[in-house]
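Per-entry structural report
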Amino acid sequence: MGPHPAVAAIRLAVRRVLHDILDEHTRNPGEHHRTPAGPAGPGRIPEAPREREPSPLVLVACSGGADSMALASALAFETPRLGVRAGAVTVDHGLQAGSDLRATEVTLRLRGLGLDPVESIAVTVGRDGGPEAAARDARYVALDAAAERHGAVAVLLGHTRDDQAETVLLGLARGSGIRSLSGMAAVSGVAGRYRRPFLRLDRQTARKACMAQSLPVWDDPHNTDPAYTRSRLRHEGLPALEKALGKGVVEALARTAQLSRDDADALDAWAGRAEAGVRDADGRLECAGLHALPPAVRRRVLRRAAIDAGAPAGSLFARHIEEVDRLITGWRGQGAINLPGRVVARRQGGRLVIRQG
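Bear in mind that the values here come from a model prediction, so they are computed numbers and not experimental data.

Okay, the sheet that holds strand β4 (residues 154–156) next. Pairing within the open sheet is mixed, and its six strands lie in the order β3-β2-β1-β4-β6-β5. Each having just a single partner strand, β3 (118–122) and β5 (187–188) make up the two edges of the open sheet. By the bridge criterion, two bridges tie β4 to strand β6 (residues 194–195) in an arrangement that is parallel. Note on β6: the bridge partner recorded for Val155 is Tyr194. Sitting on the sheet, helix α2 (residues 66–82) touches β1 (57–61), β2 (85–92) and β4, and the angle it makes with β1 is about 160°. Against the sheet, helix α3 (residues 99–112) engages β2 and β3, with an angle of about 170° to β2.

The next point concerns the sheet that holds strand β7 (residues 285–286). Reading across the sheet, the four strands line up as β7-β10-β9-β8 and stay open at both edges, with antiparallel pairing between neighbours. Only two strands of the sheet have a single partner each, and these edge strands are β7 and β8 (337–339). The sheet contact formed by strand β9 (residues 343–348) and strand β10 (residues 351–356) spans six bridges and is antiparallel. Paired with Gln348 across the strands is Arg351, a residue of β10. Sheet strands touched by helix α11 (residues 295–308): β7, β8, β9 and β10. Its angle to β10, the strand with the most contacts, is close to 35°.

What follows covers unusual backbone geometry. Put simply, Asp116 and Pro117 share a cis peptide bond, and its omega is 10°. The phi dihedral of Arg342 is positive, around 60°, even though this residue is not glycine. Tracing the chain through its elements places Arg342 in the loop between β8 and β9.

Tallying each qualifying case throughout the model produces zero disulfides. Not engaged in a disulfide, the cysteine Cys62 finds its nearest cysteine sulfur in Cys210; these two sulfurs lie 8.8 Å apart. By relative accessible area, Cys62 is classed as buried at 2%.

The next subject is the nonpolar core. Core analysis: the largest hydrophobic core is formed by 35 residues, its most contacted members being Val14, Val58, Leu75, Leu110, Leu115, Leu156 and Phe198. Those elements that place two or more of their residues in this core are α1 (5–27), β1, α2, β2, α3, β4 and α7 (203–212). Counting 25 residues, the second largest nonpolar core, distinct from the first, contains Val297, Ala305, Ala309 and Ile337.

Time to look at the pairing of β9. The sheet contact formed by β8 and β9 spans three bridges and is antiparallel. Counterpart to Ile337 in the pairing with β9 is Ala345. Where β8 hands over to β9, the hairpin turn is made up of three residues, of which Gly341 adopts a positive phi near 75°. Between β9 and β10, which follow one another and run antiparallel, lie two residues, and Gly349 among them has a positive phi close to 55°.

Another aspect to go through is the packing of aromatic side chains. The full count for this structure, using the stated rule, is one aromatic pair. On the basis of an interplanar angle of 90° and a centroid distance of 5.1 Å, the ring pair of Tyr140 and Tyr194 is categorised as edge-to-face. Within this pair, whereas Tyr140 is found in helix α4 (residues 131–150), its partner Tyr194 is found in strand β6, the two being separated by 54 residues in sequence. When sorted by exposure, Tyr140 lands in the same class as Tyr194, which is buried. Directly above the aromatic system of Phe77 lies the positively charged group of Arg11, at a separation of 3.5 Å from the ring centroid. The ring of Trp218 is capped by Arg102, whose NZ or CZ atom sits 4.9 Å from the centre of that ring.

With that settled, the discussion passes to helix α12 (residues 318–329). Compared with an ideal rise of 1.5 Å per residue, which puts 12 residues at 16 Å, α12 spans 16 Å between its outermost C-alpha atoms and is within 8% of the ideal. Each element contacted by the buried residues of α12 is listed here: α10 (287–292), α11, β8, β9 and β10.

Residue placement: Arg109 occurs in helix α3. Relative accessible area serves as the criterion here: at 24%, Arg109 is assigned to the partly exposed category. For the pair Arg109 and Met69, spaced 40 residues apart in the sequence, the C-alpha separation amounts to 9.0 Å. Leaving out residues up to four positions away in the same chain, Arg109 has contacts with Gly64, Met69, Pro216, Val217 and Trp218.

A maximum bend of about 30° is found in helix α8 (residues 229–245) at His235, where proline Pro239 lies one to four positions downstream. Buried within α8 are the following residues: Ser231, Leu233, Arg234 and Leu238. Here the buried face of α8 lies against α5 (161–174), α7 and α9 (249–278). Following α8 by one or two positions, Gly246 adopts a phi angle in the positive range, close to 95°.

The rules we used
- Residues numbered from 1 in each chain as written.
- Predicted model: local features only at pLDDT ≥ 70, side-chain atom pairs only at ≥ 80, totals over all residues.
- Heavy atoms only, no water.
- Pairing = 2+ DSSP bridges.
- Helix = DSSP H or I, 4+ residues; strand = E, 2+ residues; numbered from the N terminus.
- Contact = heavy atoms within 4.5 Å.
- Axes fitted to C-alpha atoms, helices over the stretch in contact; angles between N-to-C directions.
- Disulfide = S-S within 2.5 Å.
- Buried < 20%, exposed > 50% of the residue type's maximum accessible area, 1.4 Å probe, protein only.
- Core = buried A, V, L, I, M, F, W, Y, C linked by side-chain atoms within 4.5 Å.
- Phe/Tyr/Trp six-rings, centres within 6.5 Å; stacked < 30°, edge-to-face > 60°.
- Lys NZ or Arg CZ within 6 Å of the ring centre and 35° of its normal.
- Expected span 1.5 Å × (residues − 1).
- Bend = angle between axes of the 7 residues up to and from the residue.

As structure tokens, this is what we get:
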């Protein structure tokens with residue numbers, strides 16, 4: 001008798017991602033310094049045997065919730081069969097009383113699964129961008145540091161199809177364009193560090209897998225706290241949409257994310273090529289060349305130029321780019337446009353100049 005269907009589903013998802021990681025690792029193995037071998041002869045010291053390159057290490061980011069515990073259990077099951085080492089990191093945000101004890105309990109559970117190394121990292125959450133964004137930023141800084149410290153080739157994250165649907169709706173509410181609708185990428189981060197195996201699985205599958213394996217899980221009270229936007233969306237917004245539109249909303253939103261990501265990637269690539277054609281010898285953007293571009297491509301060129309000049313990507317919104325775009329499409333002699341990061345965009349002699357003020 002095989003494993004529970006939910007357990008089989010999560011293991012298959014993790015196995016596929018591990019195969020991708022191993023393929024990439026085989027194509028681009030880590031470079032190790034070795035002393036070149038010289039010719040053998042009298043008086044020469046024989047070269048020491050070369051050390052075998054260690055198996056690649058994959059970490060799982062685990063909060064102790066159902067999604068990440070299901071992911072951790074699947075990783076622990078699959079890695080010995082593939083010759084991969086598996087470890088885990090749990091991040092203590094310090095936002096709730098007893099969070100340090102919770103982190104300790106999670107590390108014990110992870111070690112009980114056979115994961116090694118297992119590390120708990122306490123972080124200080126700032127205030128920039130609101131509590132949810134600040135906690136996310138602190139978490140990724142900690143995960144990046146852990147991956148570097150342990151030499152991990154990848155970090156697995158337990159985001160599910162439900163999380164993807166919520167992310168698409170949040171992007172829609174911001175009105176920031178098609179990139180916001182593309183949700184979370186299956187592969188992201190520097191050199192593809194972050195992997196999300198569960199984006200095609202729903203939240204209930206992960207929870208059922210934990211129940212089938214008798215895995216204890218921790219339900220974060222923030223996930224049901226109406227003070228948080230994502231919590232309200234999860235418990236009020238999405239149920240209301242399903243009531244009005246019928247079942248299948250989550251699947252449709254996740255599918256929209258993938259289609260939007262494909263379109264956004266294609267437009268970004270087009271913008272990258274177009275930018276080289278509209279820059280003059282001094283690096284300024286030619287307004288006539290920009291005007292000839294399709295609006296979706298032109299705005300991407302303008303956004304890239306603003307970020308290159310020092311505007312923080314997270315603070316650069318659609319309304320900022322629209323104002324800069326009017327310097328191209330609605331030129332009436334208007335003054336400079338102030339952008340985040342003390343970046344200023346102005347039109348001078350048929351050229352668009354974007355630089356810090």
